[in-house]
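The residues making up each chain are set out below.
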Amino acid sequence: MQYAVTANGDPVDLKHQVCSYLQEYVPPPGVHPPAIDPHTVLARFPIETFLTTNYDDFMATALLQEKECRKDPVVQSPTWWDIEVEEPALGLPTFEEPLVYHLHGRWDDPGSLVLTDDDYLTYLVNMVEARAANDQPPLPSTVIRAMTSHPLLFVGYSLQDWNFRVLFHGLLKAMPLIRRRRHISVQLLPDLDESVADAAERARDYLERYLNDWSITIFIGTTQEFFEQLRSRM
């Protein structure tokens, strides 16, 4: 994306192109949606706050269309490019009116996307500066409360992403040990060198030890496998 914006010369125009592509995408022949849609499964739980780094509206749509207990979500994303801009006040989310917060922007507001290297650097710098000035990241108190006082389920997210690590580590450092909750992450094993004996076991052991320091328990497997098990236990 950094190359694309350099060639294009207009970062906002590029973001409009990306959003248009994502909204018009159709799976190629023979590729069908998964039998179990994660958004639909999550919509059935009494969850008050959904955090996503995806640009799409799949979570909000699933909440609106959930047949058993249809909900009216509030959708918002941060004004990460300018910490001086005051974000709209958010009320406390409820099960009936949950919050869907797009940490990296959303496709119905292309200018809000965190997309290029420059965007990520600006995002991180503003996080640090806002924390130094206000003692908290430039996110609504409702979002901070959800991230620091509830167990979190990470799905489809690489925990090695620097943006995630800076944000999550900063929040964890501010939390006393006795207040920290236990989180769960759905993770795939990294690419393995099959010539190394017990490569899979070593990789699993590394992930478990590394993420345990973050109070994160891992589920090794695909998102589809995780939600198949979750639905069967429901």
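Remember, it's a predicted structure, so these values are computed and weren't measured experimentally.

### A look at the sheet that holds strand β3 (residues 99-102)
So, step 1. Strand order in the open sheet formed by 3 strands is β1-β3-β2, and the pairing between neighbours is parallel. Only two strands of the sheet have a single partner each, and these edge strands are β1 (49-52) and β2 (74-76). Going from strand to strand, the sheet's axes swing by 15° on average, the running direction of each strand aside.
So, step 2. With 4 bridges connecting them, β1 and β3 associate as parallel partners. Note that in β3 the partner of L51 across the bridge is Y101.
So, step 3. Across the sheet, helix α4 (residues 58-65) touches β1, β2 and β3, and the angle it forms with β3 is around 165°.

### Concerning the confidence of the model for the chain
So, step 1. Of the residues in the chain, 87% have a pLDDT of 70 or more, and the chain-wide mean is 83.
So, step 2. The spread of mean pLDDT over the elements of the chain runs between helix α7 (residues 162-173), the lowest at 70, and β3, the highest at 95.

### Description of the packing of aromatic side chains
The relative placement of two aromatic rings is captured by the distance of their centres and the angle of their planes.
So, step 1. As enumerated under the stated definition, the model contains 7 aromatic pairs in all.
So, step 2. Ring centres of W80 and Y123 lie 6.2 Å apart, and the angle between their planes is 50°; this geometry places the pair in the tilted category. Of this pair, W80 sits in the loop between β2 and β3 while Y123 sits in helix α5 (residues 117-134), placing them 43 residues apart in sequence. A single burial state applies to W80 and to Y123, both of which are buried.
So, step 3. Ring plane angle 20° and centroid distance 5.8 Å describe the contact between Y206 and Y210, whose orientation is recorded as stacked. One end of the pair is Y206 and the other is Y210, both in helix α8 (residues 199-212) and 4 residues apart, which spans about a single turn.
So, step 4. Residue Y206 is classed as partly exposed on the basis of its relative accessible area of 47%.
So, step 5. The class for Y210 is partly exposed, based on a relative accessible area of 23%.
So, step 6. Counting every residue linked through ring pairs, the aromatic cluster contains W80, W81 and Y123.

Cut-offs applied
- Residues numbered from 1 in each chain as written.
- Predicted model: local features only at pLDDT ≥ 70, side-chain atom pairs only at ≥ 80, totals over all residues.
- Heavy atoms only, no water.
- Pairing = 2+ DSSP bridges.
- Helix = DSSP H or I, 4+ residues; strand = E, 2+ residues; numbered from the N terminus.
- Axes fitted to C-alpha atoms, helices over the stretch in contact; angles between N-to-C directions.
- Contact = heavy atoms within 4.5 Å.
- pLDDT = per-residue confidence, 0-100.
- Phe/Tyr/Trp six-rings, centres within 6.5 Å; stacked < 30°, edge-to-face > 60°.
- Buried < 20%, exposed > 50% of the residue type's maximum accessible area, 1.4 Å probe, protein only.

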